[in-house]
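So the chains spell out like this:
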Amino acid sequence: MKPFSSYKNPALAVDLVVFGYHEQNLSVLLLNRKEAPFKDQWTLPGAFLQIEETFQQTCSRILKTKLGMDDVYLEQLFSFDDPARDPRGRVISVTYYALVNPHKLEIAAGKMANDVQWFNVKKIPALGFDHKKIFDKALQRLKSKILYFPVGFELLDELFTMSELHQLYECILGIEIDRRNFSRKMLVAEYVINTGQKREGLQNRHPELFRFNKKLKHHNFQLNIINP
């Protein structure tokens, strides 16, 4: 058996797909790189894993130093191991996706980026590395996840109308969903709780305000909102 020291060790990177929802659009947060490779091009935020770090700690470092945020919903997505995925050498990327409410934070580009911007998921620019493949994987995961786990509430304000929740699901899934059927199933499943409050300031209408039923936060169940 070869000694451990004789094996070449690939570098490990962590890349994040940060989704946000605002103005009825699902967006992704991208960085414009200051350095090669892909200098002055858009990429997902990421960093190399330091020897003393866990993946979660690297995620936190990326969020704090490159995006100016922390304490967000994170879920491990996939590992990307194409030997040619990074022109600098053998790099394996362990990827996560994050869900944030842009109204609750201010983004800020760190020292390693020219800029950081939200892009509509339907209009993203060309991405460096294999980041388009990572983005596609994350978007598909989000579309699947929202049907059986309450991740969508991370993208909304604490109080929301049923119409706002309906718009969020239609936006993420990219389909039309019957409004009355959607509302009925959300209420029957006790997915949301009516707060008894109403949204003020809207002309001629005062829709009811709901909040997420936090008792369901750690429960998986199929919410069949697409079919009658």
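Everything that follows concerns the structure shown earlier in this document.
Residues numbered from 1 in each chain as written. Predicted model: local features only at pLDDT ≥ 70, side-chain atom pairs only at ≥ 80, totals over all residues. Heavy atoms only, no water.

Draft legend 1. Fine view of helix α4 (residues 179–188). Listed in full, the buried residues belonging to α4 are Asn181, Phe182, Ser183, Lys185 and Met186. Buried-residue contacts for α4 involve α3 (162–173) and β8 (192–198). (Buried < 20%, exposed > 50% of the residue type's maximum accessible area, 1.4 Å probe, protein only. Helix = DSSP H or I, 4+ residues; strand = E, 2+ residues; numbered from the N terminus. Contact = heavy atoms within 4.5 Å.)

Draft legend 2. Spatial organisation of the packing of aromatic side chains. Evaluated as defined, the whole model comprises 10 aromatic pairs. Their ring planes at 55° and their centres at 6.4 Å tell us that Tyr73 and Tyr97 sit as a pair that is tilted. Of the two residues, Tyr73 is situated in strand β5 (residues 73–80) and Tyr97 in strand β6 (residues 91–100); the sequence distance between them amounts to 24 residues. Across the pair, exposure class does not vary: Tyr73 and Tyr97 are buried alike. For the ring pair Phe78 and Phe80, a centre distance of 5.3 Å and an interplane angle of 70° mean the geometry is edge-to-face. The buried category is assigned to Phe80, whose relative accessible area is 7%. (Phe/Tyr/Trp six-rings, centres within 6.5 Å; stacked < 30°, edge-to-face > 60°.)

Draft legend 3. Structural detail: the nonpolar core. With 44 residues, the main nonpolar core has Phe19, Val28 and Leu165 as its most contacted residues. When residues of this core are traced back to their parent elements, those giving at least two are β1 (11–22), β2 (25–33), β5, β6, α2 (131–145), α3, α4 and β9 (208–212). The dominant element in this core, judged by the number of residues it contributes, is α3, at six residues. Look past the residues within four positions of Val28 in its chain and what remains in contact with it is Val17, Val18, Phe19, Leu44, Gln117, Trp118, Phe119, Val121, Ile124 and Phe135. (Core = buried A, V, L, I, M, F, W, Y, C linked by side-chain atoms within 4.5 Å.)

Draft legend 4. Up close: the side chain of Ser27. For Ser27, the location among the structural elements is in strand β2. There is a polar contact of 3.4 Å between the side chain of Ser27 and the side chain of His22. (Polar contact = N/O pair within 3.5 Å; in protein donor to acceptor, adjacent residues only side chain to side chain.)

Draft legend 5. Geometry of unusual backbone geometry. Following Ala36, the chain continues into Pro37 via a peptide bond in cis, with omega recorded as -5°. Within the fold, Pro37 resides in the loop between β2 and β3 (42–43). Phi angles above zero are rare outside glycine, and Phe38 is one such case at about 65°. You can see Phe38 is positioned in the loop between β2 and β3. Classification of Phe38 as partly exposed rests on a relative accessible area of 26%. Backbone geometry places Glu190, a non-glycine residue, at a positive phi of 55°. If you trace the backbone, Glu190 turns up in the loop between α4 and β8.

Draft legend 6. Inspection of the environment of Lys143 at higher detail. You can see Lys143 is positioned in helix α2. With relative accessibility at 27%, the residue Lys143 sits in the partly exposed group. The sequence separation of Lys143 and Trp42 amounts to 101 residues, and the corresponding C-alpha distance is 24 Å. Among residues more than four places away in sequence, those in contact with Lys143 are Ile172 and Leu173.

Any link to function would need more than the numbers given here.
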